[in-house]
Amino acid sequence: MSFMITHQTPVTYPGPAPAQADVIVIGGGVIGVCTALFASRAGHRVVLLEKGRIAAEQSSRNWGWIRQQGRDPDELPIMVEAHGLWHELATQTNVDIGLRQTGITYLAQTDAHMQGYTDWLPAARANGVDSKILSAREVAAQFPGMQTTGIKGALVTPSDLRAEPWVAVPALAAIAAREGVQIIENCAVRMLGIAAGRVAGVITEAGRIAAPEVVLAGGAWSSLFLRNHGISIPQLSVRENVAATEPLPDIHAGAAASRKVAFRRRIDGGYTLAPPGAPELFIGPDAFRAFPKYLAQLRADPFGQRLLPFAPKGFPDAWGTARRWAADQTTPFEVTRILDPAPNRRKINRLLRDFAQMFPDLPPVRLRAAWAGMIDTMPDLVPVVDRAPSLPGLTIGTGMSGHGFGIGPAMGRVLAALATGGDVGHDLQRFRLSRFGDGSPMRPGPNV
Ligand SMILES: Cc1cc2nc3c(=O)[nH]c(=O)nc-3n(C[C@H](O)[C@H](O)[C@H](O)COP(=O)(O)OP(=O)(O)OC[C@H]3O[C@@H](n4cnc5c(N)ncnc54)[C@H](O)[C@@H]3O)c2cc1C
């Protein structure tokens, strides 16, 4: 099983691009792919443009947790819809995307964690989600080989899912292509085409495409793209490290997280591991600009992020990254076709040690692969899902804040409806673009 989608991955969708479409989607991650799929299902001619390869950035690098548990109450109804869509879409692919209903468990080491879980339960109940609290004794029974000293209990959602992201998102793209979406890889969108004060299409590195509606699902690049059009969002990117082990005995079929280790079983019998929390923020101009908006998050969790002085060359918030360009200039999107941060080896080694200590009876835990991804995060840990008032014809779906894989199918359905005048079916007030400019206090989502 190959975990990474890289420059060496063959181009599946070479183009050429058509001259026009009804809807253009920028970004071939899970959000863009699902938006394109549902816009096409609603009867529109859709073009999906990806600067590198489908799912090469966050959408293949994530842990593969499809999680209702611990969600912001305003996201939860959309996530419940996504849960149903995952089941449906998995039957429409030609491959096993690894979708399994094996549950997600959060292990609590403190009474404060337990209280946080208990406080979140009413949101689950209100949305018909089967989350429940486990006692320390029940945890020990459910995780027989696990070192449970100090564990106070847990929050578990048995209906939560897992899937293999690097298989699942390309498989969703294949459904979209089969149903008529024109996908083009290696095709960066330089900027929006604008006529008479509204969106008229896009200008790509390969030329113009006309369309009355454009959806931006650019992940970690969205803020940079929007700033060139005078729209500012306080989106930042943080590095998260991931390790994949060689196959191991089946210690737990689902996904779980303690303070030190998050783990998920894969269909190849290995485990995907990550250190939960403490993501790494590379400081750049955007970080300085966005700092005031992040104060509420910093106050709630002062040591929640590790700061690093500058991002590697070519990253969205690197000091040397161009902030302004014209349509005939090479853009940062062509300079970095795949955002591929090097993993922090020290953290990866510690992670393997922590996992082995957590399950002391396991045979030696061997590393099969390690990688990192840049999570696009927002000050309140919920995305922007809105139409841009200053640019009619532009819809924005970005800032999924580390939990966009699971919710992807329903966010795509919502964004497609938003762009084409369909029924969005959910209250999107919490995700409005104007919250960053209208004096609204930042209200970080639940940190459970
Ligand atoms: C390590 C890690 C672990 C995670 N774990 C989970 C998890 O377990 N569960 C979960 O739900 N979520 C998880 N997430 C978060 C989840 O992966 C993301 O929220 C989700 O993939 C975001 O999807 P996206 O489509 O918005 O962005 P991306 O997947 O980043 O896709 C954006 C795409 O847009 C393209 N693009 C950008 N600008 C342009 C342009 N100008 N022209 C053309 N193309 C462009 C990029 O090349 C990129 O491919 C995790 C993320 C990481 C990094």
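Quick note: structure is the one above.
Residues numbered from 1 in each chain as written. Predicted model: local features only at pLDDT ≥ 70, side-chain atom pairs only at ≥ 80, totals over all residues. Heavy atoms only, no water.

Peer 1: Quick rundown of the site of the ligand? Include the residues and the values.
Peer 2: Taken together, 36 residues surround the ligand, and among them Glu-50, Ser-59, Trp-65, Gly-404 and Gly-406 come closest. Within the side chain of Gln-58, one N or O atom sits 3.1 Å away from an oxygen atom of the ligand. Within the complex, 98% of the 1,000 Å² of free accessible area of the ligand lies under protein. Residue assignment for the shell around the ligand shows that the elements contributing at least two residues are helix 1 (30-41), helix 2 (58-61), strand 13 (236-245), strand 19 (367-377) and helix 12 (404-420). (Near = heavy atom within 4 Å. Polar contact = N/O pair within 3.5 Å; in protein donor to acceptor, adjacent residues only side chain to side chain. Areas by Shrake-Rupley, 256 points an atom, 1.4 Å probe, with all protein chains shown as cover. Helix = DSSP H or I, 4+ residues; strand = E, 2+ residues; numbered from the N terminus.)

Peer 1: Got a sec to walk through the environment of Pro-389? Specific residues and values, please.
Peer 2: Mapped onto the fold, Pro-389 is located in the loop between strand 20 (384-387) and strand 21 (394-398). Between the C-alpha atom of Pro-389 and that of Met-442, which follows or precedes it by 53 residues, the distance is 21 Å.

Peer 1: Go over a positive patch on the surface, please, and point to the residues and values.
Peer 2: Side chains of Arg-259, Lys-260, Arg-346, Arg-350 and Arg-353 sit close together on the surface and give a patch of like positive charge. Here Arg-353 shows up in helix 11 (residues 345-358). (Patch = residues over 30% accessible without salt bridge, like charges linked within 9 Å, V, L, I, M, F, W, Y side chains within 5 Å. Salt bridge = Lys/Arg side-chain N within 4 Å of Asp/Glu carboxyl O. Lys, Arg positive; Asp, Glu negative; His and termini not counted. Charge placed at Lys NZ, Arg CZ, Asp CG, Glu CD.)

Peer 1: Tell me about the sheet that holds strand 9 (residues 189-195), residues and numbers included.
Peer 2: Consider a sheet: its strands pair through backbone hydrogen bonds, and that pairing is either parallel or antiparallel. Reading across from one edge, 9-10-11 is the order of the 3 strands in this open sheet, with antiparallel pairing throughout. Across the chains shown, the open sheet's two edge strands, defined by having one partner strand only, are strand 9 and strand 11 (207-210). Each strand of the sheet is rotated relative to its neighbour by a mean of 30 degrees, with strand direction disregarded. Here 4 bridges tie strand 10 (residues 198-204) to strand 11, and the two strands are oriented antiparallel to one another. Note on strand 11: the bridge partner recorded for Ile-203 is Arg-208. (Pairing = 2+ DSSP bridges. Axes fitted to C-alpha atoms, helices over the stretch in contact; angles between N-to-C directions.)

Peer 1: Account for the nonpolar core, naming residues and giving values.
Peer 2: In terms of nonpolar packing, the biggest core is built from 72 residues, with Trp-86 and Val-385 touching the most fellow members. Residues in contact with Val-385, not counting those within four places in the same chain, are Ile-396, Met-400, Met-411, Val-414, Leu-415, Leu-418, Leu-428 and Phe-431. Counting residues in hydrophobic clusters, the runner-up holds 43 residues, among them Ile-26, Met-191, Leu-216 and Leu-391. (Core = buried A, V, L, I, M, F, W, Y, C linked by side-chain atoms within 4.5 Å. Buried < 20%, exposed > 50% of the residue type's maximum accessible area, 1.4 Å probe, protein only. Contact = heavy atoms within 4.5 Å.)

Peer 1: Give me the lowdown on the packing of aromatic side chains, citing residues and values where you can.
Peer 2: A ring pair, where both rings are aromatic, is described by two values, the distance of the centres and the angle of the planes. For the structure shown, the criterion picks out 16 aromatic pairs. Considering the side-chain rings of Phe-225 and Phe-333, the 5.8 Å spacing of their centres and the 45 degrees angle between planes classify their relative orientation as tilted. Remark: Phe-333 occurs in helix 10 (residues 332-335) and Phe-225 occurs in helix 7 (residues 222-227); sequence separation between them is 108 residues. In this pair, the class of Phe-225 matches that of Phe-333, namely buried. (Phe/Tyr/Trp six-rings, centres within 6.5 Å; stacked < 30°, edge-to-face > 60°.)

Peer 1: An account of the side chain of Thr-157 is requested, with residue identities and associated values reported.
Peer 2: Looking at the secondary structure, you find Thr-157 in strand 6 (residues 153-157). What makes Thr-157 buried here is its relative accessible area of 0%. Polar contacts involving the side chain of Thr-157 include one to the side chain of Ser-131, which spans 2.7 Å. Residues within four places of Thr-157 in sequence aside, it is in contact with Gln-68, Gln-69, Gly-103, Ile-104, Val-129, Asp-130 and Ser-131.

Peer 1: Which residues make up the pairing of strand 20, and what are the values?
Peer 2: Moving residue by residue along a regular strand, the side chains alternate between the two faces of the sheet. As defined by bridge partners, strand 20 adjoins strand 21 across 4 bridges and the pair is classed as antiparallel. Among the inter-strand pairings, Arg-387 is bridged to a residue of strand 21, identified as Thr-395.

Peer 1: Go over the pattern of salt bridges with me, naming the residues and quoting the values.
Peer 2: Within this structure, the stated rule accounts for 28 salt bridges. Residues Glu-280 and Arg-239 are paired through a salt bridge, measuring 2.7 Å at the closest nitrogen-oxygen approach. With Glu-280 in strand 17 (residues 280-282) and Arg-239 in strand 13, the pair connects residues that are 41 residues apart, well separated along the chain. Exposure class is identical for Glu-280 and Arg-239. Each is buried. Between Arg-323 and Asp-286 there is a salt bridge whose closest N-O contact spans 3.0 Å. Placement of Arg-323 in the loop between strand 18 (306-308) and helix 10 and of Asp-286 in helix 8 (residues 285-290) is noted, with a sequence separation of 37 residues between them. Across the pair, Asp-286 and Arg-323 agree in class, each one buried.

Peer 1: Could you give an account of a nonpolar patch on the surface, naming the residues involved and the relevant values?
Peer 2: On the surface, a cluster of nonpolar side chains totalling about 400 Å² of accessible area is made up of Phe-288, Phe-310 and Trp-319. Mapping Trp-319 onto the fold places it in the loop between strand 18 and helix 10.

Peer 1: Please provide a residue-by-residue account of the sheet that holds strand 21, values included.
Peer 2: In space, the 6 strands of this open sheet follow the order 8-2-1-12-21-20, with mixed pairing throughout. The strands lining the two open edges of the sheet, one partner per strand, are strand 8 (182-184) and strand 20. Put simply, the sheet's adjacent strands are angled 15 degrees from each other on average, direction ignored. Bridge analysis of strand 1 (residues 23-26) against strand 12 (residues 213-216) gives 4 bridges, and the strand direction is parallel. Opposite Ile-24, over in strand 12, you have Val-214 as the bridge partner. Along the sheet face, helix 1 touches strand 1, strand 2 (46-49), strand 12 and strand 21 and points at about 170 degrees away from the line of strand 2.

Peer 1: Go over the packing of helix 1 against helix 12, please, and point to the residues and values.
Peer 2: At their nearest, the axes of helix 1 and helix 12 sit 7 Å apart, and the two run at 35 degrees to each other. The two elements helix 1 and helix 12 cross, and the hand of that crossing is right-handed. Listed contacts from helix 12 to Val-30, Ile-31, Cys-34, Thr-35, Phe-38 and Ala-39 of helix 1 are Gly-404, Phe-405, Gly-408, Pro-409, Met-411, Gly-412, Arg-413, Leu-415 and Ala-416. (Left-handed = near helix turned anticlockwise from the far one by under 90°.)

Peer 1: Can you tell me about the environment of Val-47, naming the residues and giving the values?
Peer 2: As for its position among the elements, Val-47 is in strand 2. Spatially, the C-alpha atoms of Val-47 and Ile-151 are 50 Å apart, while their sequence positions differ by 104 residues. Ignoring sequence-local partners within four residues, the contact set of Val-47 consists of Pro-18, Ala-21, Val-23, Ile-24, Val-25, Gln-182, Ile-184 and Ile-209.

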